[in-house]
Amino acid sequence: MDGTLVEDESVDGGDVGPPGLRVDPVGADGPSADVPLVPGGVIRHKHGYMRRYFFPMEPVPVILTDTNLVKPALSWNLEYLEKNLGDGDFSVFYSKDHKFKYYDQAKYNDKVVPDFTPPMSQATMKFSEFLVKFRQWKHGQPRMYLQHPLNDSVGKAIKDDFLAFNWKWLESVQKEHNWGNLSSNLIYIGMEGNVTPVHYDEQENFFAQVEGFKRCILFPPETFECLYPYPVFHPHDRQSQVDFDKPDFESFPKARHLRGFECVLEPGDVLYIPKYWWHHVESLLGAGHTTSINFWYKSGPLTQVEYPLKPQRKVAMIRNLEKVVTEALGNPFEVGPLFEALALGRYIKVNALSHSELGSLNRYPSKPNPQVSTIE
Ligand SMILES: O=C(O)CCC(=O)C(=O)O
Ligand SMILES: [Fe+2]
C-alpha cells in the first residue's frame with residue numbers, strides 16, 4: 001500500500017491516459033451553480049453541476065440536466081449501435097433473476113471463499129450476436145446485461161459521436177475538483193427490470209443516461225455500517241450483503257436505519273455519483289431497454305488530510321487496514337476475530353452505539369471529536 005492509511009486505492013499515478021477512446025485536452029470554462037441537496041431526493045439542476053453547498057467540504061450527488069455531456073449519443077438506439085458499434089467483442093452478463101451483482105473475477109480465482117458461487121455468468125460476443133439474443137429473449141430465460149468499455153474497436157460514426165461529447169465541460173470539472181484521469185467509459189445496455197444491487201465504487205462517476213429510464217437509490221459513505229459490505233478479500237468486495245428484495249434484519253439490524261436519496265434518470269440526464277457513495281440502479285419495468293454511459297475518474301493525489309476525517313476517508317482507511325491485517329495474518333478468516341479482540345470491551349461496548357443509535361451516521365457530529373473521545 002502506498003501513501004497514507006487514509007489514501008484512496010484509486011489515486012491517480014499521474015500521466016497515464018484513459019485506456020479507452022482518446023480526446024484531446026481542451027480549455028476549461030464550464031458552467032457552475034450552487035446546488036443544495038434535499039433529503040429524500042436527488043436534486044435536478046440546470047446550468048451547471050455540483051457545488052459544495054449544504055455540506056461545504058463534501059461532494060454530493062446531483063442530476064445535471066443540461067450538460068450536453070453525451071448529446072450525440074442520444075440517437076444511439078439499438079439499430080444505430082448495431083450498424084456502428086463495430087465488430088469487437090463485448091462482455092455480456094447473464095443472470096437467472098433480475099439482479100446483476102458484481103463479483104471480482106480475480107478474487108474469485110484466488111478461491112479465498114471456497115463455497116462462493118458466482119451469481120451471474122459472463123459471456124463474450126459480437127454486438128450483432130448480443131442483439132439477436134436480446135431481441136429474442138423471453139420471460140423465464142436468463143436476463144442479459146451488456147457492460148463493456150468503449151474502446152477503439154468502435155466504428156467511425158460512434159468514434160465521431162464520442163469525440164463530440166462535452167469534454168470541455170468534463171475537463172473543467174476535473175480541474176476544479178482536482179480529480180485524476182478518466183479511467184474508463186463503460187456502456188451499459190440492459191433489459192427493463194435489470195437491477196445492479198447496492199454497492200460503492202472508489203472513483204468519481206458521471207453517469208449519463210442515453211436511452212430508457214433508470215431508478216437510482218443513493219446512500220452516503222457513512223452508511224457503511226448499515227449496508228454491511230463484504231470483506232475486502234471477498235469477490236463481492238464493495239457490494240452490500242443486504243438484499244433489498246428481502247432484507248434480513250436479523251443478520252443486518254442497522255439496515256433498518258437506511259434512508260436513501262432516490263431519483264429516476266431519463267435520457268440526457270447525468271447523475272454525479274461521488275466516490276464511496278452507495279448506489280442501487282434499476283432499469284424501470286415497463287419502460288423498455290436502457291442504455292447508459294459512465295465516466296469514471298480516479299482520485300487526485302491527497303494533498304491534505306483534514307480532521308475530523310470525512311466519512312469517505314474513513315472508508316478508505318477501513319479498506320487499507322483490512323488489507324494490511326489480512327495480509328499480515330495470512331488468513332482472512334482471522335481478521336474479524338482480531339479486530340473484535342482489539343475493540344470489544346476496550347474501545348466499544350457490546351450492543352451499544354456510543355451516543356444515539358444514529359450517532360455515527362450524522363454527517364457532522366458536533367461531538368464526539370473522533371480524535372479525542374473514541375474511548376467510552
Ligand atoms: O447502470 C448500472 O446498472 C450500474 C452503474 C454503476 O454502478 C456505475 O456506473 O458505477
Ligand atoms: Fe457503480
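Below is a summary of the structure that appears in this document. In this text the structure is predicted, and so the values were computed from the model without any measurement.

What follows is about unusual backbone geometry. In this model, tyrosine 307 is joined to proline 308 through a cis peptide bond whose omega is 0°. Position of proline 308 among the secondary structure elements: in the loop between strand S14 (290–297) and helix H7 (311–329). Backbone geometry places tyrosine 228, a non-glycine residue, at a positive phi of 45°. Note on placement: tyrosine 228 falls in the loop between helix H6 (224–227) and strand S11 (261–265).

Looking at the iron ion (ligand 2), the protein donor atoms are His199 (NE2), Asp201 (OD) and His279 (NE2), and they sit 2.1 Å from it. Site description for the iron ion (ligand 2): donor spacing in sequence, H-x1-D-x77-H. This pair shows no difference in class: histidine 199 is buried, exactly as aspartate 201 is.

With that settled, the discussion passes to helix H3 (residues 127–136). Since the α-helix advances by 3.6 residues per turn, residues separated by three or four positions end up pointing in the same direction. Turning to H3, its buried residues are Phe127, Phe130, Leu131 and Phe134. Buried residues of H3, seen end-on, are gathered within an arc of 100° and therefore sit on one face of the element. Lining the buried residues of H3 we find helix H1 (78–84), strand S3 (89–95), strand S4 (120–126), strand S5 (143–149) and strand S7 (186–190).

Attention now goes to the side chain of histidine 236. For histidine 236, the position within the fold is in the loop between H6 and S11. Taking relative accessible area as the criterion, histidine 236 reaches 5% and is therefore assigned buried. Separated by 2.8 Å, the side chain of histidine 236 and the backbone oxygen of tyrosine 102 make a polar contact.

This part covers the site of ligand 1. In the neighbourhood of ligand 1, the contacting residues comprise Tyr145, Tyr188, Thr196, His199, Asp201, Asn205, Phe207, Lys214, His279, Val281, Asn294 and Trp296. Between lysine 214 and ligand 1, the recorded distance is 2.8 Å, taken from a side-chain N or O atom to an oxygen atom. A distance of 3.0 Å separates an oxygen atom of ligand 1 from a polar atom in the side chain of asparagine 294. Summarising the interface, the protein chains cover 98% of the accessible area of ligand 1, which totals 290 Å² for the free molecule. Contributing elements (two or more residues each) for the shell around ligand 1: strand S8 (195–199), strand S9 (204–211), strand S13 (278–283) and S14. Tallied by class, the residues present in the shell around ligand 1 amount to 5 nonpolar, 5 polar and 2 charged.

What follows concerns the environment of valine 324. Within the secondary structure layout, valine 324 lies in helix H7. With a relative accessible area of 42%, valine 324 lands in the partly exposed category.

What follows concerns the pattern of salt bridges. Inspection of every chain in the model, using the stated rule, returns 20 salt bridges. Residue aspartate 8 pairs with arginine 313 through a salt bridge whose shortest N-O separation is 2.9 Å. Taken together, the positions of aspartate 8 in the segment before strand S1 (44–45) and arginine 313 in helix H7 put the pair 305 residues apart, joining distant regions of the chain. Overall, aspartate 8 belongs to the buried group, its relative accessible area being 6%. In this structure arginine 313 comes out as buried when scored by relative accessible area, which is 11%. With a closest N to O distance of 3.8 Å, lysine 159 and aspartate 152 form a salt bridge.

Here we take up the sheet that holds S11. Taken in spatial order, the 4 strands of this open sheet run S8-S13-S10-S11, and their pairing is antiparallel. Unpaired on one side and paired on the other, S8 and S11 mark the two borders of the sheet. In this sheet, adjacent strand axes meet at a mean angle of 15° when their direction is disregarded. As paired strands, S8 and S13 are joined by 3 bridges and run antiparallel to one another. Residue pairing across strands places threonine 196 opposite valine 281, the latter belonging to S13.

As a further point, take a nonpolar patch on the surface. Judged by side-chain polarity, Leu342, Leu344, Tyr347 and Ile348 come together as a nonpolar surface patch covering roughly 330 Å² of accessible area. On the secondary structure map, leucine 344 appears in the segment after helix H8 (335–343).

With that settled, the discussion passes to the environment of threonine 65. By secondary structure assignment, the location of threonine 65 is in the loop between strand S2 (62–64) and H1. When its relative accessible area of 28% is taken as the criterion, threonine 65 is described as partly exposed.

Looking along a regular strand, one sees side chains alternate from face to face of the sheet. Counting buried residues along strand S10 (residues 214–219), 5 of its 6 residues qualify, which places the element largely inside the surrounding structure. Where S10 lies against S11, 5 bridges are found, and the strand directions are antiparallel. Within S11, the position partnered with cysteine 216 by the bridge is cysteine 263.

What counts, and at which threshold
Residues numbered from 1 in each chain as written. Chains lettered and ligands numbered in written order. Predicted model: local features only at pLDDT ≥ 70, side-chain atom pairs only at ≥ 80, totals over all residues. Heavy atoms only, no water. Helix = DSSP H or I, 4+ residues; strand = E, 2+ residues; numbered from the N terminus. Donors = N, O, S within 2.8 Å, 3.2 Å for Na, K, Ca; no water. Buried < 20%, exposed > 50% of the residue type's maximum accessible area, 1.4 Å probe, protein only. Arc of directions from axis to C-beta. Contact = heavy atoms within 4.5 Å. Polar contact = N/O pair within 3.5 Å; in protein donor to acceptor, adjacent residues only side chain to side chain. Near = heavy atom within 4 Å. Areas by Shrake-Rupley, 256 points an atom, 1.4 Å probe, with all protein chains shown as cover. Nonpolar A, V, L, I, M, F, W, Y, C, P; charged D, E, K, R; others polar. Salt bridge = Lys/Arg side-chain N within 4 Å of Asp/Glu carboxyl O. Pairing = 2+ DSSP bridges. Axes fitted to C-alpha atoms, helices over the stretch in contact; angles between N-to-C directions. Patch = residues over 30% accessible without salt bridge, like charges linked within 9 Å, V, L, I, M, F, W, Y side chains within 5 Å.

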